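Notes for the structure review
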Amino acid sequence: MTHFAFPRLSNRVWKVWHRNKDVFMKTYKVNFLPPLLEPILYLFALGFGVGSFIDVIEGMSYPQFIAPALISISIMNSAFFECTYGSYVRMYYQKTFDAIIATPLSIEEVITGELLWGATRSLIYATIVLMVIAAFGLIELPSGLLIIPFSFIAGFLFATIGMCFTAISPNINALSYPTFLFITPMFLFSGTFFPLSLLPEPIQYFALAVLPLTHVVSIVRALTLANFSVVLLVSFAWIVLVSLVLFVLSVNLMKRRLMV
Amino acid sequence: MVVTVTVPVIEAEDLKKQFGEFVAVDSVSFTVEEGEVFGFLGPNGAGKTTTMKMIQCVSPKTGGKLEVFGMGVSTHQCEIKKLLGVVPQENNLDPDFTVYDNLMVYSRYFDIHRARAERVIEELLDFVQLREKKDTLIEQLSGGMKRRLILARALINTPRLLILDEPTIGLDPQARHLIWDKLKSLQSQGITIVLTTHYLEEAARLCDRLVIMDYGKIIVEGKPDELIKEYAETQSATLEDVFLKLTGKKLRE
């Protein structure tokens, strides 16, 4: 079996999406708490707290600088954790995937449905964070609203990254490796809380090459400030291209794991 | 003139499954006809579950031929799976949902229209006697109730072939008898049933025909009473005596 065979899909992928949405809506109150609360805490502690020592950063106030980062981080976290811990529990502990593939759905469709749901979760969370940040007046409207459709695309990227790790993790504890070796450094070093340009040049290139969050942050920052440049197209192309490759790879890795 | 050629429900020829070096199913051939209850018996690790999974199109075969309703398992997974109901060995009910929602969510995977699904679910809840548990979460069900719900779930698409992998595993006699009654009633409705079991009594009661597997091979095939007659040494012999005689008393795992 090759790692890059393009999966055969049907609109049944949405059945899996629908299942996950139903579960999500059962506990929507607690699910909506993190995206509401987290940006407020970060804005006060970092934006207005640490930020009181910073007059201006790249031509803007510090809360303005970190606001798009907070949206980007919520896009990253919601899809990544949904498609790592969430999918792992459904795959291994609840045997949900086994139950579904006994129906006309294929494993490719199950995994694609999971990825689409991960992306949807990013969209839901990013929208809520966006509203909080808008309430603080830290965002240009209406251009900032473009973040909503963009969060689905960026969320899909983090979903595919998460699913690749889920497919190769021997047990659920092993998911700590990508979380702490990849997600946490990315959270700090992707132009989130300080400009990427402060880092040594080789590390800047490294971040642009392999840390997806850097591209997401630059696009979201441009959208919140209504300040566009052609370079953003490169970031967007990077996101789309890597998503496609990792989508195909994650589906095939999961197929290899589950279709024995 | 209409010529109807009856295709067997399952036809396996030299069917083989290998996991690396290990041969789990070693060139088995068998045929299951429409409307019969066909049993797979054998010690743990004999290859029964692997065979079931190949029939269900969730485990690709390594070699040989396997057709379900005349369709190849490697090429027509989706079409075959539409016609199947599966009761897996492990309980894989959805713990995030109630009894009713488990059935409703499952019906969507088969593209069953909501109105029809609601009607079928009502019937199935009565059939497996779980009406009062409709709004109960899965973790609050007893082992017997879970197995009954899985049976109901397997019937949601009114399957033509029902595959049961150890349907009564871990159940008390009452719960077991209830499942057996349900299976008999399904058989009388003309559904083809394939099951695996360790319980020889279960096989003797339910199966029209059965095979005994060991080390990935089919060692005998026949009707339960014929097998007893053929292989038993005493008058009062049971299928269990035949089983132990053929597969030996050595522990397998």
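What counts, and where the lines are drawn
Residues numbered from 1 in each chain as written. Chains lettered and ligands numbered in written order. Predicted model: local features only at pLDDT ≥ 70, side-chain atom pairs only at ≥ 80, totals over all residues. Heavy atoms only, no water. Pairing = 2+ DSSP bridges. Helix = DSSP H or I, 4+ residues; strand = E, 2+ residues; numbered from the N terminus. Contact = heavy atoms within 4.5 Å. Axes fitted to C-alpha atoms, helices over the stretch in contact; angles between N-to-C directions. Buried area = accessible area lost by both parts, 1.4 Å probe. Polar contact = N/O pair within 3.5 Å; in protein donor to acceptor, adjacent residues only side chain to side chain. Left-handed = near helix turned anticlockwise from the far one by under 90°. Nonpolar A, V, L, I, M, F, W, Y, C, P; charged D, E, K, R; others polar. Parallel < 35°, antiparallel > 145°, perpendicular 65-115°, else oblique. Buried < 20%, exposed > 50% of the residue type's maximum accessible area, 1.4 Å probe, protein only. Domains from an automatic or database assignment. Salt bridge = Lys/Arg side-chain N within 4 Å of Asp/Glu carboxyl O. Expected span 1.5 Å × (residues − 1).

Re the sheet that holds strand 2 (residues 22-32) of chain B
Residues and elements named next belong to chain B. The sheet built from 4 strands is open, its strands ordered 2-1-4-5 with antiparallel pairing. Two strands in the sheet have a free side with no partner beyond their single neighbour: strand 2 and strand 5 (71-72). Judged from the 5 bridges that link them, strand 1 (residues 10-19) and strand 4 (residues 63-68) form a sheet pairing that is antiparallel. Across the sheet, the residue bridging to E11 is E67, located in strand 4. Along the sheet, helix 1 (residues 48-55) contacts strand 1, strand 2 and strand 4; its crossing angle with strand 1, the most-contacted strand, is approximately 115°.

Points about the interface of chain B and chain A
Contacts between the two partners involve 25 residues from chain B, matched on the other side by 21 residues from chain A. Contact with chain A buries area across many residues of chain B, yet K81, R108 and Y109 of chain B alone supply 30% of it, more than any other trio. The interface formed by chain B and chain A contains 11 residue pairs in polar contact (both at pLDDT 80 or more). Within the residue set of the side of chain B that touches chain A, elements represented by two or more residues are strand 1, helix 2 (77-82) and helix 3 (99-109) of chain B. Looking at the side of chain B that touches chain A, the element that brings in the most residues is helix 3 of chain B, giving 5 residues.

Considerations on the packing of helix 6 (residues 147-168) of chain A against helix 10 (residues 231-258) of chain A
Residues and elements named next belong to chain A. It is the contact of helix 6 with helix 10, at a shortest axis distance of 8 Å, that shows an interaxial angle of 35°. Crossing of helix 6 over helix 10 shows left-handed handedness. Contacts from F150, I153, A154, F156, L157, T160, I161, M163, C164, T166, A167 and I168 in helix 6 reach F236, W238, I239, V242, S243, L246, F247, L249, S250, L253, M254 and R257 in helix 10. Its residues assigned to classes, the contact of helix 6 with helix 10 comprises 19 nonpolar, 4 polar and 1 charged.

Section: the packing of helix 5 (residues 107-135) of chain A against helix 6 of chain A
Residues and elements named next belong to chain A. The contact between helix 5 and helix 6 brings their axes to 7 Å, and the two run at 135°. Of the possible angle classes, the one that applies to helix 5 and helix 6 is oblique. The way helix 5 lies across helix 6 gives a crossing that is right-handed. Between helix 5 and helix 6, the residues in contact are I111, E114, L115, L116, G118, A119, T120, S122, L123, A126, T127 and L130 and I147, I148, S151, F152, G155, F156, A159, T160 and M163, respectively.

Topic: the pairing of strand 9 (residues 209-214) of chain B
Residues and elements named next belong to chain B. Judged by how many residues are buried, strand 9 sits mostly within the fold: 6 of 6 residues are covered. What you see with strand 9 is no split at all: R209, V211 and M213 on one side and L210, I212 and D214 on the other are buried throughout. The pairing of strand 3 (residues 37-41) with strand 9 spans 4 bridges and is parallel. Considered in strand 9, the bridge of F38 is made with R209. Two elements, strand 9 and strand 10 (residues 217-222), share 5 bridges in a ladder whose sense is antiparallel.

Concerning the domain arrangement of chain B
All names here are of chain B. According to the domain assignment, chain B consists of domain 1 (1-10 + 21-83 + 160-253) and domain 2 (93-158). For domain 1 and domain 2, the distance between their C-alpha centres works out to 25 Å. Contacts between the two partners involve 18 residues from domain 1 and, on the opposite side, 12 residues from domain 2. On the domain 1 side of the contact with domain 2, L178, I179 and K182 bury the most area, a combined 38% of that side's loss. At the boundary of domain 1 with domain 2, the tally comes to 0 salt bridges. At the junction of domain 1 and domain 2, the tally comes to 4 residue pairs in polar contact (both at pLDDT 80 or more). Residue assignment for the side of domain 1 that touches domain 2 shows that the elements contributing at least two residues are helix 2, strand 7 (161-165) and helix 6 (173-188). Considering each element in turn, the side of domain 1 that touches domain 2 owes the most residues, 7 residues, to helix 6.

Considerations on helix 3 of chain B
Burial within helix 3 of chain B is extensive, with 10 of its 11 residues counted as buried. For helix 3 of chain B, every residue scored as buried is listed here: V99, Y100, N102, L103, M104, V105, Y106, S107, R108 and Y109 of chain B. Where helix 3 of chain B is buried, its residues meet helix 1 (13-26) and helix 4 (96-101) of chain A together with helix 4 (114-127) and helix 5 (143-154) of chain B. A positive backbone phi angle near 60° is found at D111 of chain B, which sits one or two residues after helix 3 of chain B.

Focus on helix 9 (residues 212-225) of chain A
All names here are of chain A. Compared with an ideal rise of 1.5 Å per residue, which puts 14 residues at 20 Å, helix 9 spans 20 Å between its outermost C-alpha atoms and is within 8% of the ideal. Those residues of helix 9 not exposed but buried are P212, L213, T214, H215, V216, V217, I219, V220, R221, A222, L223 and T224. Looking at the buried residues of helix 9, the elements they touch are helix 3 (62-93), helix 6, helix 7 (176-188), helix 8 (201-210) and helix 10. One or two positions beyond helix 9, positive phi appears at A226, with a value near 50°.

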